[in-house]
Amino acid sequence: LSDNDDQRADALEKLLPMQTSDFEELFTIMKNLPVTIRLLDPPLHEFLPKEDKDIKIMASDLGVSEQEITEKIESLHELNPMLGHRGCRLAITYPQIAKMQTEAIISAAAKLIKNGGKIVPEIMIPLVGHHNELSYLRKIVEEKAKEVIQREGVKMKYQIGTMIEVPRGALTADEIANHADFFSFGTNDLTQMTFGFSRDDMGKFVGEIGRAHV
């Protein structure tokens, strides 16, 4: 996720055929059964190098200075990445990622449709907490999907939905539903955020808490 637009575009261009191949294989394995694909949702800093030697290698591969890599790592570091720059927030900040993934999904489905497959991709936009987030990203996905479908010359139905996994998303689900073809429910994050638990350490105290609820 370089700040340089050319480097960012180059990286996504390299990822596109890999993603397309992955989705094509997934659709093939599923044999026309429904497939829901959740768009990229990582805590960003977890995917960046931490050791000096690894920073040096990344800098060399990207053709930038080690200082630039270090500054990027520091800017993306989050104290609690489970609640940070991820899900739909990542796609809003870097819409190029959502466009690349949409192109890969629709291109892969188009190839199978041309070979007689009956694919209806279900594209999930994750971590939506406000209906405007889904409305904004739905337009981006629809524009790219339309472009690819026209380019491939196929007829294709697809769905765009979200996962209800933050409390605000659950409380405003009626508004979010106006922009969603389907819902899924992410009970891990929803439970964590509702109760203020972390699945990483709740085992240390949840038994004691349970006694208070009896």
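Starting afresh in each chain, residues are numbered from 1 along the sequence in its written order. In keeping with the model being predicted, local features are shown solely for residues with a pLDDT of at least 70 and side-chain atom pairs are shown and tallied solely at 80 or more, while totals for entire chains, interfaces and linings include all residues. Hydrogen atoms and water are omitted, and side-chain values are computed over all heavy atoms in the structure.

An account of helix α5 (residues 95–114) is requested, with residue identities and associated values reported.
To qualify as a helix, a DSSP run of H or I must reach at least 4 residues; to qualify as a strand, a run of E must reach at least 2; elements of each kind are numbered from the N terminus. A helix is expected to span 1.5 Å multiplied by its residue count minus one. The terminal C-alpha atoms of α5, which comprises 20 residues, lie 28 Å apart, in line with the 28 Å expected from a rise of 1.5 Å per residue. The buried label goes to any residue with under 20% of its type's maximum accessible area, the exposed label to any with over 50%, and the partly exposed label to all in between, with areas taken from a 1.4 Å probe on protein chains only. Most of α5 sits inside the fold, with 16 of its 20 residues counted as buried.

An account of the pattern of salt bridges is requested, with residue identities and associated values reported.
Here, a salt bridge means any side-chain nitrogen of Lys or Arg that lies within 4 Å of a carboxyl oxygen of Asp or Glu. Following the criterion strictly, the structure yields 12 salt bridges and no others. Among the salt bridges present, the one from Arg138 reaches Asp181, with a minimum N-O distance of 3.1 Å. Pair noted here: Arg138 is in helix α6 (residues 131–152) and Asp181 is in the loop between α8 (173–176) and β4 (183–185), with a separation of 43 residues, a long-range link. Exposure remark for Asp181: the relative accessible area of 39% places this residue in the partly exposed category. Note that Lys144 is salt-bridged to Glu147, the shortest N-O span being 3.2 Å. Highlighted residues: Lys144 and Glu147, both in helix α6, separated by three residues, approximately one helical turn. Among the residues examined, Lys144 registers a relative accessible area of 14% and is labelled buried. Within the structure, one salt-bridge network assembled from shared partners comprises Glu103, Lys114, Lys144, Glu147, Arg151 and Glu152.

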